[in-house]
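Next come the chains, spelled out residue by residue.
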Amino acid sequence: MQRIYLDHNATTPVAPAVIERMMAALRDDFGNPSSVHHFGQRAKASLDEARSQVAALIGADPSEVVFTSGGTESDNYAIRGAAEALEPTGRRHLIASGIEHEAVLNTLRALARRGWRVTLLAVDQSGVVTPDSLRAALTDDTALVSVMHANNEIGTLQPVAELAALARERGALFHTDAVQSAGKVPVQVKSLGVDLLSLSAHKFYGPKGAGAIWIRRGVRLLPLVTGGKHERSRRAGTENVAGALGLGVAADLARAKMTTEAERLAALRDRLEHGILQRVSGTAVNGSGARVPNTTNVSFDRVEAESLLIALDLEGVAVSTGSACSSGTLEPSHVLKAMGFPAHRTQNSIRFSLGAANTEAEIDHVVSVLPRLVEKLRSLTRTPVRA
Ligand SMILES: Cc1ncc(COP(=O)(O)O)c(C=O)c1O
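Residues numbered from 1 in each chain as written. Predicted model: local features only at pLDDT ≥ 70, side-chain atom pairs only at ≥ 80, totals over all residues. Heavy atoms only, no water.

**Points about the packing of helix H1 (residues 16-28) against helix H9 (residues 241-279)**
At a minimum axis separation of 8 Å, H1 and H9 run at an interaxial angle of 150°. Put simply, H1 runs roughly antiparallel to H9. Between H1 and H9 lies a crossing whose hand is right-handed. Where H1 abuts H9, its residues Ala17, Val18, Arg21, Met22, Ala25 and Leu26 lie against Ala242, Gly243, Leu245, Gly246, Val249, Ala250 and Leu253. Here the contact of H1 with H9 is composed, by residue class, of 10 nonpolar, 2 polar and 1 charged. (Axes fitted to C-alpha atoms, helices over the stretch in contact; angles between N-to-C directions. Helix = DSSP H or I, 4+ residues; strand = E, 2+ residues; numbered from the N terminus. Parallel < 35°, antiparallel > 145°, perpendicular 65-115°, else oblique. Left-handed = near helix turned anticlockwise from the far one by under 90°. Contact = heavy atoms within 4.5 Å. Nonpolar A, V, L, I, M, F, W, Y, C, P; charged D, E, K, R; others polar.)

**A few points about the site of the ligand**
Around the ligand there are 13 residues in total, and Thr72, Asp177, Gln180, Ser200 and Lys203 lie nearest to it. Within the backbone of Gly71, a nitrogen or oxygen atom sits 2.8 Å from an oxygen atom of the ligand. Here an oxygen atom of the ligand sits 2.6 Å away from a polar atom, N or O, in the side chain of Thr72. If you tally residues by element for the shell around the ligand, the top one is helix H3 (residues 71-86), at 3 residues. Residues that form the shell around the ligand fall into these classes: 2 nonpolar, 8 polar and 3 charged. (Near = heavy atom within 4 Å. Polar contact = N/O pair within 3.5 Å; in protein donor to acceptor, adjacent residues only side chain to side chain.)

**Re the pattern of salt bridges**
Using the criterion set out here, one finds 23 salt bridges in the structure. Residue Arg351 is joined to Asp7 by a salt bridge in which the shortest nitrogen-to-oxygen separation is 3.1 Å. Within this pair, whereas Arg351 is found in strand E15 (residues 349-353), its partner Asp7 is found in the loop between strand E1 (4-5) and H1, the two being separated by 344 residues in sequence. Note on accessibility: Arg351 and Asp7 belong to one class, buried. Across the pair Glu231 and Arg51 runs a salt bridge whose closest N-O atoms are separated by 2.9 Å. With Glu231 in helix H8 (residues 230-233) and Arg51 in helix H2 (residues 38-58), this residue pair connects regions lying 180 residues apart in the sequence. With a relative accessible area of 5%, Glu231 lands in the buried category. (Salt bridge = Lys/Arg side-chain N within 4 Å of Asp/Glu carboxyl O. Buried < 20%, exposed > 50% of the residue type's maximum accessible area, 1.4 Å probe, protein only.)

**Comments concerning the nonpolar core**
The biggest cluster of nonpolar side chains holds 59 residues, and the ones touching the most others in it are Ile58, Val145, Phe174 and Leu197. Among the elements that line this core, the one with the most residues is H9, at 10 residues. Residues within four places of Val145 in sequence aside, it is in contact with Ile95, Leu134, Leu138, Ala167, Ala172, Leu173, Phe174 and His175. Leu268, Leu308, Val317 and Val319 belong to the second largest nonpolar core, which has 27 residues in total. (Core = buried A, V, L, I, M, F, W, Y, C linked by side-chain atoms within 4.5 Å.)

**Structural notes on the environment of Thr107**
Of note, Thr107 is situated in helix H4 (residues 102-113). Residues Thr107 and Ala267, spaced 160 residues apart in sequence, show a C-alpha to C-alpha distance of 36 Å. Excluding its chain neighbours within four sequence positions, the residues that come into contact with Thr107 are Asn76, Ile79, Arg80 and Glu102.

**Topic: the sheet that holds strand E12 (residues 320-321)**
Read from one edge of the open sheet, 4 strands run E9-E10-E15-E12, paired in antiparallel fashion. Unpaired on one side and paired on the other, strand E9 (283-285) and E12 mark the two borders of the sheet. Sheet analysis places E9 next to strand E10 (residues 295-300), joined by 3 bridges and oriented antiparallel. Within E10, the position partnered with Ala284 by the bridge is Ser299. Packing of H9 onto the sheet brings it into contact with E9, E10 and E15, and relative to E10 it is tilted by some 10°. (Pairing = 2+ DSSP bridges.)

Given below as structure tokens:
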């Protein structure tokens, strides 16, 4: 069976050049980067090269890049590290958007249980945080604002530069989770004007379990992982050298191909979107305005998203839903809920996220099988047609 992978926002296949570099690293760069002898210094030199590659992707200074175990750790470090560092100043308020990844939302929930005040900003129906909502939420005791650069479910790009400027005016730090934008669209820390930025290798053809946090020079975080003086005492533990090197190569590849690949993916994504809207009745795209080029999220009226995901999988097409099935009930997508969509629309949406290997022929195949699958699922439900 022909298998078509349209779930690149979940993870991407590892690029061949990344695999090669990681294999060589495992074989040849096995020294501990903290060791003073030849083997250690060789690993350290490789690590420094990877740090420069990551820094080049985001327009940063290499000394500001700290390797982590991925996006989740970077988000935790940014939020917990800033909150704990600022606690003595009396700033006990944290702000984030309601459409953040769980890595941010659950970290904020944990801090709320320890007495932090947390404000979650609403988004409009296009899936964007408005500067006005942040302006209204900021107070003199706001320690940190965290708003993602691109949303993982619907792909919308947030007005981070504008939001970060508002936070700065009130003396609050600004963190952006750029896990879904880094490597797909230009991410430049200086023009974004942020203080902290998270990224993850496996979202742009690097390995899982490798990521980085960018910490603007002068910003002090309390370390999340304590121990030795690795990463200039910002993240303890012997570095995952092969993972970091894989991240570095992935960053280089993404930078080299960004413009052409973004154009190619946007054209494929638009072809998919138009095809679905034309060929399948009762469909609508969730999220509008500026989006990452590889993502679309589509509602299928009177269809349970999980059922359509399984039907597509049986046809060899891999997609995902923002809603999750837990203990037999379908949990609505928190992103679509935050956008104010009615309950049925938060449970009937499918995310298609495209990537390097996808072709026009694959997109046309998906568009051609969808009408039949949707029709079949609809014939099995007795829910009345909604306007
Ligand atoms: C927006 C966003 N943030 C954070 C993460 C977590 O990254 P990781 O899987 O590297 O922990 C993801 C992964 O799905 C994501 O999409």
